[in-house]
Amino acid sequence: DQFRDFMIIVLIAAAVVSGFLGEVADTVAILCIVLLNAVIGVVQEYRAEKAMEKLKGLVSNEAVVIRDGQEQKVTAGDLTLGDVVLLEEGDKVPADLRIVESYDLLIDESALTGESMPVDKNRADMVYAATVNKTGVLRCRAVRVGEDTTLSHIIELVDDASRTKAPIARIADKVAGVFVPSVIAVAVVVFVVWLLAG
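Now for a description of the structure that goes with this document. Residue numbers here run from 1 along each chain, matching the order of that chain's written sequence. Thresholds applied to this predicted model are a pLDDT of at least 70 for local features of residues and 80 or more for the giving and counting of side-chain atom pairs; totals over whole chains, interfaces and linings are not thresholded and use all residues. No hydrogens and no water enter the side-chain calculation; it runs on all heavy atoms of the structure.

With respect to the overall build of the protein
Applicable threshold: Numbering of helices and strands runs from the N terminus, with a helix taken as a DSSP run of H or I at least four residues long and a strand as a DSSP run of E at least two residues long. We compute the radius of gyration over the C-alpha atoms and compare it with the globule rule, which gives 2.2 Å times the number of residues raised to the power 0.38. The buried label applies to any residue whose accessible area, calculated with a 1.4 Å probe on protein chains only, is under 20% of its type's maximum; exposed applies above 50%, and partly exposed to all values in between. Any two residues having at least one pair of non-hydrogen atoms within 4.5 Å are treated as being in contact. Computed with the Shrake-Rupley method and a 1.4 Å probe, the accessible areas treat only the protein chains shown as cover for residues. A residue counts as positive if it is Lys or Arg and as negative if it is Asp or Glu; His and the chain ends are not included. The location of each charge is read from NZ of Lys, CZ of Arg, CG of Asp or CD of Glu.
Along its length, the protein carries five helices and seven strands. Its helices and strands taken in sequence order, the protein reads α-α-β-β-β-β-α-β-β-β-α-α from the N to the C terminus. Taken over C-alpha atoms, the radius of gyration comes to 28 Å for the protein, far larger than the 16 Å a tight globule of 198 residues would show. With the principal axes as the frame, the protein shows a C-alpha extent of 95 × 25 × 25 Å. Burial analysis of the protein (198 residues in total) assigns 26% to the buried set. In the protein, of all internal contacts separated by at least 6 residues, the share reaching a separation of at least 24 is 59%. Per element, the accessible surface of the protein, about 13100 Å² overall, is 62% carbon and sulfur. Positive and negative side-chain charges in the protein, numbering 19 and 29 respectively, have mean positions lying 2 Å apart.

Considering a nonpolar patch on the surface
For clarity, the cut-off: Within the patch definition used here, like charges are joined within 9 Å and nonpolar side chains (Val, Leu, Ile, Met, Phe, Trp, Tyr) within 5 Å, considering only residues with over 30% relative accessible area and no salt bridge. Should a side-chain nitrogen of Lys or Arg be within 4 Å of a carboxyl oxygen of Asp or Glu, the pair is scored as a salt bridge.
On the surface, a nonpolar cluster with roughly 770 Å² of combined accessible area is contributed by Ile 184, Val 188, Phe 191, Val 192, Trp 194, Leu 195 and Leu 196. Residue placement: Leu 196 occurs in helix α5 (residues 167-196).

Remarks on the pairing of strand β2 (residues 70-75)
Rules: When DSSP finds at least two bridges between two strands, those strands are taken to pair.
Bridge count between strand β1 (residues 62-67) and β2: six bridges; the pairing is antiparallel. Within β2, the residue paired with Arg 67 across the bridge is Gln 70. Adjacent in sequence and paired antiparallel, β1 and β2 are bridged by two residues, among which Asp 68 carries a positive phi angle near 55 degrees.

Overview of the pattern of salt bridges
Counted by the stated rule, this structure contains five salt bridges. Among the ionic pairs, Lys 73 bridges to Glu 62, the shortest N-O distance being 3.4 Å. Taken together, the residues Lys 73 in strand β2 and Glu 62 in strand β1 connect sequence positions 11 residues apart. A residue is classified by how much of its surface remains accessible, and Glu 62, at 44% relative accessible area, is partly exposed. With a closest N to O distance of 2.9 Å, Glu 109 and Lys 121 form a salt bridge.

Focus: the environment of Val 143
The topology assignment puts Val 143 in strand β7 (residues 132-144). The class of Val 143 is partly exposed, set by a relative accessible area of 31%. In sequence terms Val 143 and Leu 97 are 46 residues apart; their C-alpha atoms lie 5.5 Å from each other. Once residues within four sequence positions are removed from consideration, Val 143 is found in contact with Leu 81, Asp 96, Leu 97, Arg 98 and Met 126.

Structure follows, in structure tokens:
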């Protein structure tokens with residue numbers, strides 16, 4: 001994918017032409033630039049993918065809910081809006097939940113906020129997917145599940161950022177859109193004049 005960019009294709013073509021003309025230094029320099037650009041692009045995409053994997057790994061795979069008056073274990077993917085979720089000490093929060101009832105509660109939100117100290121939560125407060133119940137017991141109601149959670153939105157933003165070109169690359173594309181056709185036009189004119197001049 002790194003070599004599909006129009007400007008990169010033009011640079012590779014320039015390297016080939018320089019090679020045929022015996023300009024070894026120019027050929028090597030252009031190829032080094034193209035390869036360096038590709039390496040940087042691959043490294044950035046790799047880091048973004050790893051960041052997304054880590055974020056996805058923070059999500060709890062299961063939850064304890066009350067359905068039909070009984071406690072049941074369900075997968076986090078089976079949670080529905082309005083489900084009553086029970087969390088004990090050490091449990092990961094499986095979705096975005098509103099606290100209905102809590103006792104001696106501290107939530108570790110470092111995965112979302114970077115805050116190193118656990119946060120005290122009270123009734124009507126929210127707890128978010130990927131955070132951890134450090135102490136206490138709580139009963140909550142699911143208000144955002146699956147792809148609608150705060151964590152899912154963060155993962156989406158990271159994914160979008162990994163696909164978005166850097167500002168310098170966007171500027172280079174704009175310049176290339178004007179510069180390359182202009183250079184080709186000048187080259188054609190010079191070639192025609194050279195032919196006519198013999």
